[in-house]
Amino acid sequence: MRVVSGIKKGLHLKAVPGTSTRPTTDKVKEAIFNIIGPYFDGGVGLDLFGGSGGLGIEALSRGIDKMIFVDRDQKAIQTIKGNLETCRLQDQAEVYRNDAVRALKAIVKRDITFDVIFLDPPYKQQKLTELIEEISKHQLLTNAGVIIAEHDSEVVLEKSIGNFELVRHEEYGIIGVSIFRYEEGWEGE
């Protein structure tokens, strides 16, 4: 596993020890960023099921200014911190050990909006629809922002969840990637 592109291209990342997490493969990571736009012009991101931190670190390498990483597994938190140190990106990141739903509640209190949100929960414990509805309800995504949901390819998400619409769905073997943006015509606040 490595950083695919950007200022940290080629740096190797460690996976979380054990079998509790499933890192996004370099091939899928590259495909995701090719879809959403290869590089960012600043902004803030959220990696809600951080795992090894691979997706969020990739976003930082490609120009996101700041990334918040959340995972409930202590080994994952240690791995994220180690990978951020390896990439010398710890000053651009916040790392929290928390459950995804609790983390969203804490974020709401901070009045933060994100340009990119990665949702890559364990495939057996999918709550993607509920999480996307919470993100919509609290307007945690900027008007031009994007949500990337990685899931089992057999999972079919609704075409519209909250104020978001599914704008792209791709499958890579057993992995499905669904990308959501605000529905056209939504003005927000």
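Residues numbered from 1 in each chain as written. Predicted model: local features only at pLDDT ≥ 70, side-chain atom pairs only at ≥ 80, totals over all residues. Heavy atoms only, no water.

In the nomenclature of an unreviewed UniProt entry, the protein corresponds to 16S rRNA (Guanine(966)-N(2))-methyltransferase RsmD from the organism Fredinandcohnia salidurans.

(A) Structural detail: the pairing of strand S8 (residues 175–182). Of all 8 residues in S8, 7 are buried; the element is thus mostly enclosed. Across 6 bridges, strand S5 (residues 141–152) lies against S8 in antiparallel orientation. If you follow Ala149 over to S8, its bridge partner there is Ser178. Alignment of strand S7 (residues 164–172) against S8, held across 8 bridges, turns out to be antiparallel. (Buried < 20%, exposed > 50% of the residue type's maximum accessible area, 1.4 Å probe, protein only. Helix = DSSP H or I, 4+ residues; strand = E, 2+ residues; numbered from the N terminus. Pairing = 2+ DSSP bridges.)

(B) Representation of the pattern of salt bridges. Under the criterion given, the structure shown has 4 salt bridges. In this structure, Glu94 and Arg110 form a salt bridge, with 2.8 Å as the shortest nitrogen-oxygen distance. One end of the pair, Glu94, is in strand S3 (residues 93–97); the other, Arg110, is in helix H4 (residues 100–110), with 16 residues separating them in the sequence. Assessed through its relative accessible area of 13%, Glu94 is described here as buried. Each of the salt bridges in this network shares a partner with another, and the network as a whole consists of Lys66, Glu94 and Arg110. (Salt bridge = Lys/Arg side-chain N within 4 Å of Asp/Glu carboxyl O.)

(C) Molecular detail of the sheet that holds strand S1 (residues 44–47). Here 8 strands make up an open sheet; going across it, the order is S3-S2-S1-S4-S5-S8-S7-S6 and the pairing mixed. With one partner strand each, in any of the chains shown, S3 and strand S6 (160–161) form the two edges of the open sheet. Two strands pair when backbone bridges link them, and S1 and strand S2 (residues 66–71) are joined in this way by 4 bridges, in the parallel orientation. Along S2, the bridge assignment pairs Val44 with Lys66. Contacting S1, S2, strand S4 (114–119) and S5, helix H2 (residues 54–61) runs over the sheet at an angle of about 180° to S2. Set on the sheet, helix H5 (residues 128–137) makes contact with S4, S5, S6, S7 and S8; between it and S5 the angle comes to about 170°. (Contact = heavy atoms within 4.5 Å. Axes fitted to C-alpha atoms, helices over the stretch in contact; angles between N-to-C directions.)

(D) Structural view of the side chain of Ser136. Looking at the secondary structure, you find Ser136 in helix H5. Taking the relative accessible area as the measure of exposure, Ser136 reaches 5% and is therefore buried. Among the polar contacts made by the side chain of Ser136, one reaches the main-chain amide nitrogen of Asn163 at a distance of 2.8 Å. Setting aside chain neighbours within four positions, we find Ser136 in contact with Gly162, Asn163 and Phe164. (Polar contact = N/O pair within 3.5 Å; in protein donor to acceptor, adjacent residues only side chain to side chain.)

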